[in-house]
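Descriptive analysis of the structure
Chain by chain, the residues run as shown.
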Amino acid sequence: MANENLKLSSPVERETYLLGLLGQRLEHTVSPVIHEAAALEMGMDLYYFPFEVEPDDLKQAVLGMKALKFAGANVTIPYKEKVLQYADEMSEVVEFIGAANTLIFRGDKIIAENTDWKGFLRSWEEMGMGSVQGNFAVVIGSGGAADAVLYALVESGLGRVHVFNRNRKRAEKLLDKFTTKYPHLLSESYFLSDETNIAESLKSADILINATPVGMYPYIDDLPIKLRDDINSNLRCYDLVYNPIKSRLVEEMEKRNRKAAGGLGMLIYQAALSFELWTGMEPDLVTMRNAALNALVSGG
Ligand code: NAP
């Protein structure tokens, strides 16, 4: 006999959110579990699929999601920049950074957003990393993530930055863009192999950012730079690497009694901000964090 109390709501009665992640090499992504755990806790119908897309298929993938009434998508390496050409609208920040990690399909429009920079700032604040006003930062890397974090820091009052990258031209280009918009910003670019200038910069830097994948699972013993002991005693380090949860760089900083944070907070906050853009609802951050921790511990 049918249970009278059991009422199943069909997807027609409830809103169903279809979401996806566009990128390559997504085998270790934790984004699906973060979003689906938050939705489950809120009693929402939300499905988040990782889609590994070939470069020549990116346009079809984006337009296909729109045609299938997806609510939105996240975009990751290597498509954060390339995807902008398919957007009908983008915020000023996306235009400046030149990269989006979030697409929103609204009406017949594809809107590009970047939640990485705000996600970084929220995590920075949550971790009690302190004021950035007038600070000097050393940034390792010059990709989309370095761009978003540098934007967050400069908007928070950063005074000076030294960027180190394997491809120095890319670092130079990044800094040209920033100093055009923020002429007060003092900046220098260097090759990542320039150990002398790294050591010299870290003697007085207030902030160290790792925005490269160096140290990410499975290469967990790798360090993006050689560390000496004469680094500034007030240096605070933020490593965007979130798998492992505590990277070797964070461990080395803590050994030297410097404040250091890994990238899990940024991962959670950028996800929460994207979730809000797609659904108009605030997800529970603890649920998202626990889902990520569980997936990282069991998967990576
Ligand atoms: P990207 O645009 O591909 O840029 C990668 C950067 O890392 C470039 O500067 C690249 O240098 C450098 N790099 C790559 N492999 C390297 C190696 N073996 N040694 C030294 N440098 C290397 O990627 P992205 O979007 O900026 O992301 C960078 C990292 O941040 C990734 O690991 C990503 O997972 C992480 N991330 C974390 C969060 C978070 O929420 N925690 C958010 C965004 C990104 P070249 O220019 O010389 O190639």
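Residues numbered from 1 in each chain as written. Predicted model: local features only at pLDDT ≥ 70, side-chain atom pairs only at ≥ 80, totals over all residues. Heavy atoms only, no water.

Ordered by their spatial adjacency, six strands build an open sheet running β9-β8-β7-β10-β11-β12, and the pairing between neighbours is parallel. The strands lining the two open edges of the sheet, one partner per strand, are β9 (186–191) and β12 (259–261). Here the strands of the sheet are splayed against their neighbours by 15 degrees on average, with no regard to which way each runs. In this structure, strand β7 (residues 136–140) lies alongside strand β10 (residues 207–210), joined through four bridges in parallel fashion. Residue pairing in the sheet places Val139 in a bridge with Ile209 of β10. Helix-sheet contacts for helix α4 (residues 116–126) involve β10 and β11 (236–239), and the interaxial angle to β11 is about 135 degrees. (Pairing = 2+ DSSP bridges. Helix = DSSP H or I, 4+ residues; strand = E, 2+ residues; numbered from the N terminus. Axes fitted to C-alpha atoms, helices over the stretch in contact; angles between N-to-C directions. Contact = heavy atoms within 4.5 Å.)

Taken in spatial order, the six strands of this open sheet run β2-β1-β3-β5-β6-β4, and their pairing is mixed. Unpaired on one side and paired on the other, β2 (45–52) and β4 (89–90) mark the two borders of the sheet. Here eight bridges tie strand β1 (residues 16–23) to β2, and the two strands are oriented parallel to one another. From the neighbouring strand, Leu21 faces β2, where its bridge partner is Pro50. Set on the sheet, helix α2 (residues 58–67) makes contact with β1, β2, β3 (72–75), β5 (102–106) and β6 (109–113); between it and β1 the angle comes to about 175 degrees. Across the face of the sheet, helix α9 (residues 264–279) comes into contact with β1, β2, β3, β5 and β6 while running at roughly 10 degrees to β5.

This brings us to α2. Every buried residue belonging to α2 is among Leu58, Val62 and Met65, and all of these are buried. Buried residues of α2, seen end-on, are gathered within an arc of 65 degrees and therefore sit on one face of the element. Opposite the packed face of α2, turned more than 90 degrees from it, sit the exposed residues Gln60 and Ala67. On the buried face of α2, the contacting elements are β1, β2, β3, β5 and β6. Just downstream of α2, Lys69 is the residue with a positive phi angle, here 65 degrees. (Buried < 20%, exposed > 50% of the residue type's maximum accessible area, 1.4 Å probe, protein only. Arc of directions from axis to C-beta.)

Below, the discussion takes up the pattern of salt bridges. Under the criterion given, the structure shown has 12 salt bridges. Residue Asp116 pairs with Lys80 through a salt bridge whose shortest N-O separation is 2.8 Å. With Asp116 in helix α4 and Lys80 in the loop between β3 and β4, this pair connects stretches of sequence that are 36 residues apart. Taken individually, Asp116 and Lys80 each receive the classification buried, so the pair is uniform in this respect. For Arg228, the salt bridge is made with Asp230, and the minimal N-O distance between the two is 2.8 Å. Overlapping salt bridges, with partners in common, bring together Asp229, Arg248, Glu252, Lys255 and Arg256 in one network. (Salt bridge = Lys/Arg side-chain N within 4 Å of Asp/Glu carboxyl O.)

This paragraph deals with the packing of aromatic side chains. Overall, the coordinates contain 13 aromatic pairs when judged by the stated rule. Both rings, one in Trp117 and one in Tyr151, keep their centres 5.0 Å apart while their planes meet at 90 degrees; by these two values the pair is edge-to-face. With Trp117 in helix α4 and Tyr151 in helix α5 (residues 144–155), the pair connects residues that are 34 residues apart, well separated along the chain. Relative to Trp124, the ring of Phe120 lies with its centre 5.6 Å away and its plane at 40 degrees, an arrangement referred to as tilted. Highlighted residues: Phe120 and Trp124, both in helix α4, separated by four residues, approximately one helical turn. Neither residue differs from the other here; Phe120 and Trp124 are each classed as buried. By the ring-pair criterion, three or more aromatic residues cluster together here, those being Phe96, Trp117, Tyr151, Phe178 and Tyr182. Sitting above the plane of the Phe191 ring, Arg168 keeps its charged end 5.8 Å from the centroid. The ring of Phe96 is capped by Lys177, whose NZ or CZ atom sits 4.8 Å from the centre of that ring. (Phe/Tyr/Trp six-rings, centres within 6.5 Å; stacked < 30°, edge-to-face > 60°. Lys NZ or Arg CZ within 6 Å of the ring centre and 35° of its normal.)

Close contacts around the ligand come from 23 residues, with Ser142, Ala145, Asn165, Arg166 and Arg170 the closest. Contacts to the ligand include Asn165, whose side-chain N or O atom sits 2.8 Å from an oxygen atom. Leu240 places a main-chain nitrogen or oxygen 3.0 Å from a nitrogen atom of the ligand. Secondary-structure elements contributing two or more residues to the shell around the ligand are α5 and α9. Its residues placed into classes, the shell around the ligand shows 11 nonpolar, eight polar and four charged. (Near = heavy atom within 4 Å. Polar contact = N/O pair within 3.5 Å; in protein donor to acceptor, adjacent residues only side chain to side chain. Nonpolar A, V, L, I, M, F, W, Y, C, P; charged D, E, K, R; others polar.)

α9 packs onto helix α1 (residues 31–41) with a crossing angle of 55 degrees between their chain directions and a minimal axis gap of 10 Å. One finds that α1 runs oblique with respect to α9. The interaxial crossing formed by α1 with α9 has right-handed handedness. On α9, the residues touching Ile34, His35, Ala38 and Ala39 of α1 are Leu267, Ile268, Ala271, Phe275 and Trp278. Taken together, the residues of the contact of α1 with α9 break down into eight nonpolar, one polar and no charged. (Parallel < 35°, antiparallel > 145°, perpendicular 65-115°, else oblique. Left-handed = near helix turned anticlockwise from the far one by under 90°.)

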